[in-house]
Structure formats: structure tokens, C-alpha cells
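A closer look at the structure
One letter stands for each residue in the lines below.
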Amino acid sequence: MHSRVSCHLGAALARFHLHSYFHFPLLRLLFFSSEHTSEDLHERMRRRFGDHVTSLLCSHCVAQRKCCSEENTAGLSAAELKGKYEVLRRELHENKRQIQQLQSENLYAAASCENIRKKTREQSKQAHNDAVRFFARDMLDVCDALQVVTRKVMEYTQRNSSIPKNEASILAGVMLTEEIALKVLKRYGVTQIHTEIGATFDEEQEEKLFTVPSTLSLKEGCVAEIVKSGFDMNGSVLRRAGVGLSEDP
């Protein structure tokens, strides 16, 4: 679209400059003076208008030179000369209008392209965030499994004061795997939501999976047990924590 608008704009500008040359008698006399050869005329036109419109100007120059010669204008009445002037004036006015229209279209096309580039950047960023979010959400199942194993490992180590070295190495490897998985998620903006037992239930960050009777130490509406940890991504909740909630019997 830019190339089409530029071509029309160049043609209209060429016609505008051409009419400016031939509408003023002094410039016309200097331009078509007998002392200039055709090669000199072509070179003057090239310097004046540029290579990209020289061919267009050459074709117009032949017609304008014939039309504006003294031989063709001799013997014309004032009314006829005025009529020719009015025709050229209207044509010049039309050329100016076309130039303004093409300039407006060019600006509109440039603004439209900028809007498309901006929209494309926003869509690309949104697609990247969605891809990371979907991947992180699937990885949470892996983290849940590792947390279950880690919890069992901690219970096992608490019950057994002396653990063989080979078992201790396996247990340490499981806990290290969970730690690495959480670090990888954090690299992409996914962090674990801190949830405590006994804290007041927060519906935005926690999901009630079951209820247990409340006690003196555990009031109604408090977190009684944490089944699944919650995670957020760049400030927004990715998954709410699954908890057991205390209620009065």
C-alpha cells in the first residue's frame, strides 16, 4: 500500500512542479530558450525534479512546449487566453487536492502499520505468558508428588534416629529434587503461596477440600490441614492451596 501511495504522490508532485514552470512566462522563456539543447534541457529537468520523474516530465515538456510556443498562442483573443488560464488553474487546483489526499492516505497507512506492530507485540507477549502459565500449571502436579514424598521422608526420619547411609542419600536426593523444581518455577515467576495451619481461611488464595470439627486451639474458619500448596505467578494466583477447614460441629 505504501508503494502505491508513493507512486501516486510522486506523479502528482511532478505535475504540480511542471505546471509551476509553465504558468510563469519568465520561467517559461528561460526554460525553453533557444540557447539550450535537448541534452541540456534533459539535464536541467533531471537536476530540478530528480531521476524518478524525469521520464514523466519529458513527455509533458514536449506537449507543453508545443502548446506554449509563440506560434500557437499568437492570434488568440483575450477570452481564449483567459479560458486556457482557467483550465490550467483548475487542473493545478485538482493536483493540489490530490497531493493533500495522498499525503493524508500516507499518514493513515503509517499510523495503521504502527498500530499493527503494537498489537503484534502485545499478542506475542500475551502468548508467551500463556505458554509459561500452562507449562507451570502442569508442573505443579510434579511438585505435589515431590512434596508428598518429602513429607513422608521427614516423618520417616523423625521416627528413626539412625538411618543407613544409602537410605539417607536417597532421602536427601528426593528433597533436593523438590528444591530444584521449585527454583525452576521461580525462575519463570512462579512462587509458592505461604499458608499456615491455624490461619484464617482466605478464599482468594485457598480452596476448601474438606472440613474438620473445630477445637479450642483451632477456631472455626481456620486452616486445619494443608493438602496442596498454592502458587502464584507474577502477582496473580496460579493455583489456590487445597486445605481442610475447621467448622463447629
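Residues numbered from 1 in each chain as written. Predicted model: local features only at pLDDT ≥ 70, side-chain atom pairs only at ≥ 80, totals over all residues. Heavy atoms only, no water.

Below, the discussion takes up the packing of helix α6 (residues 78-159) against helix α7 (residues 165-187). Remark: α6 packs on α7, axes separated minimally by 9 Å, with the N-to-C direction vectors making an angle of 150 degrees. Overall, the two elements α6 and α7 adopt an arrangement that is roughly antiparallel. Pair α6 / α7 crosses with left-handed handedness. Taken together, the residues of α7 that come into contact with α6 (itself represented by Ala136, Met139, Leu140, Cys143, Leu146, Gln147, Val149, Thr150, Val153, Tyr156 and Thr157) are Glu167, Leu171, Val174, Met175, Thr177, Glu178, Ala181, Leu182 and Leu185. For the contact of α6 with α7, the residue count by class is 14 nonpolar, four polar and two charged. (Axes fitted to C-alpha atoms, helices over the stretch in contact; angles between N-to-C directions. Helix = DSSP H or I, 4+ residues; strand = E, 2+ residues; numbered from the N terminus. Parallel < 35°, antiparallel > 145°, perpendicular 65-115°, else oblique. Left-handed = near helix turned anticlockwise from the far one by under 90°. Contact = heavy atoms within 4.5 Å. Nonpolar A, V, L, I, M, F, W, Y, C, P; charged D, E, K, R; others polar.)

So, about the pairing of strand β4 (residues 230-233). As paired elements, strand β1 (residues 190-193) and β4 share four bridges and run antiparallel to each other. Bridging from a neighbouring strand, Thr191 pairs with Asp232 of β4. Between β4 and strand β5 (residues 236-239), which pair antiparallel in sequence order, lie two residues; one of them, Asn234, sits at a positive phi of approximately 55 degrees. (Pairing = 2+ DSSP bridges.)

A separate point is the nonpolar core. Counting residues in each nonpolar core, the largest one holds 11 residues, listed as Val132, Ala136, Leu140, Cys143, Leu146, Ala181, Leu185, Val190, Phe231, Met233 and Leu238. At the level of secondary structure, the elements contributing two or more residues to this core comprise α6, α7 and β4. Residue contributions to this core peak at five residues, all from α6. Discounting chain neighbours no more than four positions away, the residues touching Phe231 are Leu140, Gln147, Leu182, Val190, Thr191, Gln192, Ile193, Val237, Leu238 and Arg239. (Core = buried A, V, L, I, M, F, W, Y, C linked by side-chain atoms within 4.5 Å. Buried < 20%, exposed > 50% of the residue type's maximum accessible area, 1.4 Å probe, protein only.)

Its identity as a non-glycine residue notwithstanding, Asn234 has a phi of 55 degrees, on the positive side. Relative to the helices and strands, Asn234 resides in the loop between β4 and β5.

With that out of the way, let us pick up the sheet that holds strand β2 (residues 206-213). Spatial strand order, β2-β6-β3: three strands in an open sheet with mixed pairing. Whereas interior strands pair on both sides, the edge strands pair on one side only; in this sheet they are β2 and β3 (223-228). Looking at each pair of strands side by side, their axes are set apart by 30 degrees on average, direction ignored. Direction of pairing for β2 relative to strand β6 (residues 241-247): parallel, over a ladder of seven bridges.

Below, the discussion takes up the UniProt feature "coiled-coil region" (unreviewed entry) in the chain. Cross-referencing UniProt, the feature "coiled-coil region" (unreviewed entry) maps to residues 78-105 in the present numbering. Helix makes up 100% of residues 78-105 and strand 0%, and the two end C-alpha atoms of the span are 40 Å apart. (UniProt positions renumbered as here; feature names shortened; annotations may be inferred.)

The next subject is the sheet that holds β1. Read across the sheet, three strands follow the order β1-β4-β5 without closing on themselves; strand pairing throughout is antiparallel. Two strands close off the open sheet at either side, each with one partner strand: β1 and β5. This sheet shows a mean twist of 40 degrees between the axes of neighbouring strands, independent of strand direction. Lying on the sheet, α6 is in contact with β1, β4 and β5; it crosses β5 at an angle near 50 degrees.

In this structure, Arg137 sits in helix α6. Put simply, Arg137 and Arg239 are 102 residues apart on the chain and 7.7 Å apart in space, counted from C-alpha to C-alpha.

Quick look at α7 now. The terminal C-alpha atoms of α7, which comprises 23 residues, lie 33 Å apart, in line with the 33 Å expected from a rise of 1.5 Å per residue. Taken together, the buried positions of α7 are occupied by Leu171, Glu178, Ala181 and Leu185. Count one or two residues on from α7 and you reach Gly189, which has phi positive near 85 degrees. (Expected span 1.5 Å × (residues − 1).)

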